[in-house]
Amino acid sequence: MGNAEFGQTARRILELKDVATAAYSGSQNGSSALRELLASIGIELKQCDGGTDDEWGPLLPPCSDRNGSCEQQDAPEPFSADPAPSGTHTGVAEMLLEYEQAAWEYHTKQAELLSRFEPPKGRLPLDYLFAPAANPNSYKPPIVPIDADDLIPTYRLVKERRRHNQTNRCIRIFISSTFKDMSAERELLVKQVIPELQQMANERGVTLSEVDLRWGITSEETNQGNTIKICLSEIDRCRPYFLCLLGERYGWHQTPGTPDLLLQKTFSRASFEFPWIDKFRDASVTELEVRHAALNNVPESDRMHALFYFRDQSYAAGRGTDFAAESSAAAARLGALKAEILQRQLHEKDYTTPLEAATLIKADLEALLNKEFPTSAAPPTALDSERAVHEALADGRTRSFIGADAAMQQLTLHTDCAFTSTADHPLPLLVTGDAGTGKTSLLANFASQFAATHEAQPVVAHFVGSSAASLEVPRTLLRIIEEIAELYGIQSEVPSGAAEIVTAFPRWLADAGQRSGLLLLIDGIDQFTDHASQELAWLPPQMPPCVQLVVSCRISSECAAVARARDWKEVHVEPLTSEDVAKLAVSVLGQYRKRLTDAQLQLLTHTRCCTVPLYLNTILNELRVFGEFEKVTRVLESCLRADTVSALLALILARVERDLGETDDPLIAGRTLCLICASRRGLTEDEIAGALGLSRALFAPPLHALLQAGLLLPPRAGDGLLCLARDAETREAVRARYLGDGIEQYREALARYFHRAPMPEHACEEVAYQYFAGHRITELAGLITDPAVFSVLASSQHRFDLLKYWKEAAVHERLDRMLLEAITKCPEKFTVTSCRKLLDGCRFLQDVAAYDAAERVCEMALGGVLNLGSSSELRLLSAECDDCLGNLFKLQGKFTEALHSFERAVATREVLLGPCSFVLAESLNNVANVYRKMGKYTEAEPRYLRACTLREMAHGKGHISVADSYDSIGSLYQDQCKNALAEQFFSDALATRQSLLGTRHPDVAMTLTHMASLYVDLSKYDTAETLLNRALEIYNTLFGACHPDVARTRNLLGGVCMERGQYAAAEEHYHAALAVRERILGPGHPDVALTLNDLAVLRSRQGDGAAAEQLYRRALDARKHTFGSRHPDTAQSQNNLAALLAEKGALAEADALLAGSLATFVSLFGPDHINVAQTLNLLASVRQRQGAPACAVLPLYRRSLAALSRCVGLAHPDVALTLNDAALLHAQHGRWTEAERLYRRALAVTCEVFRDEANPDVARQRANLCAFYAAWLEAEDGASELAQQIRSKMCAV
């Protein structure tokens, strides 16, 4: 079939699914249409023995309607890696006809049972598709009847799974015992048992620590009467883990006849928060702990986690009064307590010696750890941990929420309309208010209320400032993308680079909108720390259908002004009314059985600052912890003198220091806060104590005081980290009170504490951050090139931090070499986890252009995977490695190697997942892109078409990924000069993107620029200029005039004007683009060099060679400044300058520049690279003009052709160009026959590449050959026989 016919059929191939669907339904029209279309592309359907009705048998899946049974059939063979056109279309047709079997049948109950996901139609879950048989050719897709009523929306299953998996991975074990007689047991626990269990827990992503407050309550705390309150509060923080050792002693209790006044005071202070203890005023503190942990009305799970160990009474014999019962009455009370424990059938074991107790406890805790955190269970992902932080913050803000009724009503009404109306693009909501007015609480409560009343729509809530990652735009968008992927079971590749994330974000929103929709809330968008984040360029100007965005920020912030300019609907949060202030005070204090007098309430309601919820809640928390009612008014009046939250926190800090009293270091609380301020994202209790060099006895009281004062948040559920409450305000107060001499000493303390072997994940993260923040570049370089540390930081959770560190340290060191040397020295002990870490490291090295190191690391990962075995999971992981390796080869221009890697990935996935898996689409696109780079368009075309078809089958034609395919196919047809088809595909891509993303979206502008480039090729400059101006208007509206996309579009407009001969307008556009790029990106950025290069071309066309040379040199200097001399972009600039110098006759300098470029390209890419070939071609031309003999020039052309043949093959436009130049050399030396052979080879190559006689390049090659024959005729006698032959050849051409 000819190439023209192939192009005409392409559009119908993409619509074949509809025809196939009609054929399935038994429609005669459908069958006829399908038969006709298949025949038009050379496919004949064979007649089966079953007669006419069964002629579709070989292509249709078996079904009970046809033959009464549901037998399985083998899946079609994987597509050939290099098919002929007709074979390709046969494969596409078979693939489409197998669609119903290989896609729809995977939506089964078994898929739900395996992964609890119900994939969208056409999406095939990987775990469900692993080939069960060892022979990949025996792969058979499972066929299970499906009941539509059994299909549960994916996001509901995910929500259910999350509810079941919200396990706190922080274990705090409260150790209860009497003091003097249990010192040996506690010593063994703390020094032997707990450290061994901690190591086991760390391997499972669990934080484990012990709490033994018999050592952690100072005499000052005891004298103030805080012992019982602290103990019971810590039991609550440790729930459900409780461990109790009981011997012969009952513990601290009231002795009849001699009342203990301090113990009475202790009971009185604790009874405010724990009123039940009033019934047990004669009980010991140990008994109170036991009752609070396991004997009171507590959940059954708490009882199951309470471990009791009774020591045999023989151990106390002869050991003195410290081991004997205090009295017979105390012995009786202890005996009754033990009997009650046994009666309740709690976990209890007897022991004789402390060593036996340690052995029993270790075994029990190991069993508990294995049960709750088995090694087979996957540890929480970075996404799980980050989500837990946001959910914890939201939960804390929903407990006491009063006020903002009007704002809540507006949010509810507007959001309900977004999901029920037919509006194409719901208008985003902007929630504004002054700092502390309750915007976060409003959004947290609205999210909770919406989730409870709208089960059909998932909710993603993000609170900026709740974690270190939440403060950066790329990490925030990445988290939202990953949430969407998990909620809907989307298995598309998640972007990793910052620019790619921002670009992909609107697409993921559109994907969510096409499913069940999404409510997205981002609180505090004015708190992002990224440069230019306030301009909101990272947010799409229009939301896709069924996606409602709600953001909040301060009313006077820059981003609020930008949102108003976009006409977003604004909801203002008003301050609390006096009634609201009173209600909130009563509600918060009432939770702790406290209330204010009317006069005290009046003090609050008449203070203007109290109308700010953050200020009011801070005061209420301070009143809550204050124990002396008689002094409440005085304390309240003192607090109300502070006119800001930071000033109020300063008063609280001073009070905490006073309360801590005469400890060994009165500033432990302040130093604790300083360490947390210096940390990357918070610290655990043990880490703070270790960094300060304190025992738990000294550290426990200040920690408890800080938690009670509300200066610290409770340890996070996922990792046990302690973080500042009211982060911004608390940091300000800490800086003012403690950090007058700077924070460096605390950075040093943290780096010193964490930098020890082996370094767990948090230690790697913390030390790297401290070195970076402290500008300790040498130590930073050594740390991040340590293989163990690098593997941690290269993961998605820490990737953005590592990029910053790498950029900082790479100025001084060759980090890639350091890392590669370190990795090669490590013993190769491969596991699936280690191979995945190597793959993460490879992707990171690729992003920083360390290609040699990345290639080596990726090869190590691939080798490790292949050595581990041949299971389906490992084979799919090997396909990931092949993809990564292929990308590396492609970036380096090693197209043949890239092709082999990508095609291996396609073959692996096709065998394991079946030929209709949507996962293949991206793999096929990778292969097609390489073929397109190599100029092998006929090989690229069917792969692009097949990828497009898979996407259409998975998502429907109106999906954003299908628009991406249309765009790629349009670009391919543009390369082939099939301009009508290119225009049609570009138009379809534009229509789909406009429909999903709106008319003012950056992706729409990008498609407009692609279409404009097509019209430039067609010399339709007016149309191209119109499209570019429209794209420019979109970018200007969204981003303002000073934005990289604006600069890029103006650069393209400059090129259009230059082609039209409008040099003044072209110069204006180029200078505008240059000004923007230099301002935003700096004078040394590659994009600046690109504009300088284009401006140089303009000057050259204007005949101003001197100005052109100056600009080329500026571009070269810019690239040298950014990349150094040994970089491909620098070498390319040298080539551009050399070409200009050659034109003006400066051949020696041009020769030197080209020789330098050649050395750079060869050292970076090897001799077989397209840049090497192009440079050799230029160098041959320059030396030819210098008068070098043919024997010195021809080897350069031969080397160029050899490089091209190896990297792109002989069917490539650059091969034709090199053949032309070599032919001209032969002609100049009178070697007519050899020149003719080369010219004809150049024409044959061009015809093979484009396969279209109307192609301009084919026409030019024919013109070159004719011109050559004309020159040859002039050199020959016109009457000779040879001249007659030449004329005949000219006529044939």
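I will try to describe carefully the structure that is included in this document. Since we're looking at a predicted model, the values are computed, not measured.

Parameters and conventions
Throughout this description, residue numbers start from 1 for each chain and increase along the sequence as written. Local features are withheld for residues below a pLDDT of 70 in this predicted model, meaning they are given only at 70 or higher, and side-chain atom pairs are given and counted only at 80 or more; totals for whole chains, interfaces and linings count all residues. With hydrogens and water set aside, each side-chain value is computed from the structure's full complement of heavy atoms. The way it works is that DSSP assigns letters per residue, a run of H or I at least four long becomes a helix, a run of E at least two long becomes a strand, and they are numbered from the N terminus. Polar contacts here mean pairs of N or O atoms no more than 3.5 Å apart (in protein, one a potential hydrogen donor and the other a potential acceptor; neighbouring residues in sequence count only if both atoms are side-chain atoms). Residue contacts follow a heavy-atom distance rule, with two residues in contact if any of their heavy atoms lie within 4.5 Å. A 1.4 Å probe that fits but cannot get out identifies a cavity on a 1 Å grid over protein atoms alone, an open set with protein on both sides within 12 Å along at least five of seven lines counts as a pocket, and a residue lines either if it has an atom within 4 Å of a point. Grid points are joined across faces, edges and corners, and a volume is the space filled by probe spheres set on the points. Angular values range over 0 to 180 degrees, each being the angle between N-to-C directions of two axes fitted as lines to C-alpha atoms, with helices fitted over their stretch in contact. Just so you know how the angles are binned, under 35 degrees is roughly parallel, over 145 roughly antiparallel, 65 to 115 roughly perpendicular, and the rest oblique. Crossing handedness follows the turn of the near helix against the far one: under a right angle anticlockwise gives a left-handed crossing, and clockwise gives a right-handed one. In the scheme used here, Gly and all other residues not listed as nonpolar or charged are polar, with Ala, Val, Leu, Ile, Met, Phe, Trp, Tyr, Cys and Pro taken as nonpolar and Asp, Glu, Lys and Arg as charged. DSSP-based pairing: two strands are paired if at least 2 bridges between them are found. Expected span, for any helix, means 1.5 Å times one less than how many residues it has. Each residue's exposure class comes from its accessible area (1.4 Å probe, protein chains only) as a fraction of the maximum for that residue type: buried when under 20%, exposed when over 50%, partly exposed otherwise. Think of a salt bridge as a Lys or Arg side-chain nitrogen and an Asp or Glu carboxyl oxygen that are within 4 Å of each other. Stacked, tilted and edge-to-face are the three classes applied to pairs of Phe, Tyr and Trp rings, where Trp contributes its six-membered ring and a pair requires centres within 6.5 Å; stacked means planes under 30 degrees apart, edge-to-face means over 60, and tilted covers the rest. For a ring to carry a charge above it, either NZ of a lysine or CZ of an arginine must fall within 6 Å of the ring centroid while also lying within 35 degrees of the normal to the ring plane.

The subject of this paragraph is the environment of Thr644. In this structure, Thr644 sits in the loop between α27 (632-640) and α28 (645-660). Sequence spacing of Thr644 and Glu729 is 85 residues, and the spatial spacing of their C-alpha atoms is 9.1 Å. Only 3.0 Å separates the side chain of Thr644 from the backbone nitrogen of Ala647, close enough to count as a polar contact.

Turning our eyes to something else, we now look at the side chain of Thr440. Positionally, Thr440 belongs in helix α20 (residues 439-453). In this view, Thr440 contacts Leu393, Arg397, Phe463 and Asp523; residues no more than four positions away in its chain are not counted.

Scanning all chains against the criterion turns up nine cavities of 30 Å³ or more. If you add up the space inside the largest cavity, you get close to 310 Å³. Taken together, 24 residues line the largest cavity, and the ones lying closest to its centre are Ala382, Glu386, Ala469, Arg475 and Gln797.

Helix-helix packing is described using two parameters, namely the angle between the two axes and the distance between the axes. Taken N-terminus to C-terminus, the directions of helix α34 (residues 761-773) and helix α35 (residues 777-784) make an angle of 155°; their axes are 8 Å apart at the nearest point. If you check the angle between α34 and α35, you find them roughly antiparallel. As α34 runs across α35, the sense of the crossing is left-handed. Within the contact between the two elements, α34 uses Cys764, Val767, Ala768, Tyr771 and Phe772 and α35 uses Glu779, Leu780 and Leu783. For the contact of α34 with α35, the class distribution of residues is seven nonpolar, no polar and one charged.

Pairing within the open sheet is parallel, and its five strands lie in the order β2-β1-β3-β4-β5. Either end of the sheet is taken by a strand with one partner, and the two such strands are β2 (207-211) and β5 (347-351). Between one strand axis and the next, the sheet turns by 20° as a mean value, whatever way the strands run. Pairing of strand β1 (residues 170-177) with β2 involves five bridges; the strand directions are parallel. Bridge pairing links Arg172 to Ser209 in β2. Docked against the sheet, helix α12 (residues 227-238) engages β1, β2 and β3 (242-246), running at close to 145° with respect to β1.

Now for helix α56 (residues 1190-1207). In a regular helix each residue adds 1.5 Å, so 18 residues correspond to 26 Å; α56 covers 26 Å between its end C-alpha atoms and thus fits that length. Of all the residues in α56, the buried ones are Ala1190, Val1193, Leu1194, Leu1196, Tyr1197, Ser1200, Leu1201, Ala1203, Leu1204 and Cys1207. The inward-facing, buried residues of α56 abut α42 (895-913), α55 (1170-1185) and α57 (1213-1228). Residue Gly1209 follows α56 closely and has a positive phi angle near 85°.

What follows is about the pattern of salt bridges. Scanning the model with the defined rule gives 55 salt bridges in all. Of the charged contacts in the structure, one is a salt bridge between Arg172 and Glu234, with a shortest N-O distance of 3.3 Å. Of the two residues, Arg172 sits in strand β1 while Glu234 sits in helix α12, which places them 62 residues apart along the sequence. Glu234 shares its class with Arg172; the two are buried. In this structure, the salt-bridge partner of Lys362 is Glu196, at a minimum N-O distance of 2.3 Å. Of this pair, Lys362 sits in helix α17 (residues 354-372) while Glu196 is found in helix α10 (residues 183-202), placing the two residues 166 residues apart along the sequence. Owing to a relative accessible area of 40%, Glu196 belongs among the partly exposed residues under this scheme. Connected through shared salt-bridge partners, Asp282, Glu287, Arg291, Arg333, Glu340 and Arg344 make up one network.

Under the definition given, this model contains 13 aromatic pairs. Look at Tyr753 and Phe754: their rings are 5.0 Å apart centre to centre, the planes differ by 75°, and that puts the pair in the edge-to-face class. As far as burial versus exposure is concerned, Tyr753 and Phe754 are alike and both buried. The interplanar angle of 75° and the centroid separation of 5.3 Å between the aromatic rings of Trp806 and Phe844 together place this pair among those described as edge-to-face. Taken as a pair, Trp806 in helix α37 (residues 799-810) and Phe844 in helix α39 (residues 832-847) lie far apart in primary sequence, 38 residues in all. As far as burial versus exposure is concerned, Trp806 and Phe844 are alike and both buried. Positioned above the aromatic ring of Phe310 is the side chain of Lys338, whose terminal nitrogen or guanidinium carbon lies 5.3 Å from the ring centre.

For the peptide bond that leads from Arg239 to Pro240, omega is 5°, which places it in the cis range. Here Pro240 is to be found in the loop between α12 and β3. The phi torsion at Cys546 lies on the positive side, around 65°, for a residue other than glycine. Tracing the backbone through its elements, the reader meets Cys546 in the loop between β8 (518-523) and β9 (547-554). On the basis of relative accessibility, which here comes to 31%, the residue Cys546 falls in the partly exposed class. Even without glycine at this site, His775 takes up a positive phi of about 60°. Since its relative accessible area comes to 61%, His775 is described here as exposed.

Take the sheet that holds strand β7 (residues 459-463) next. Spatially, β7-β8-β9-β6-β10 is the arrangement adopted by the five strands of the open sheet, whose pairing is parallel. The open sheet has two free edges, formed respectively by β7 and β10 (569-572), since each of these has just one partner strand. For this sheet, the mean inter-axis angle between neighbouring strands, taken without regard to orientation, is 15°. Where β8 meets β9, five bridges bridge the pair, whose relative direction is parallel. Within the sheet, the bridge partner assigned to Leu520 lies in β9 and is Leu549. Across the sheet, helix α21 (residues 473-488) lies against β7 and β8, angled at about 160° from β7, the strand it touches most.

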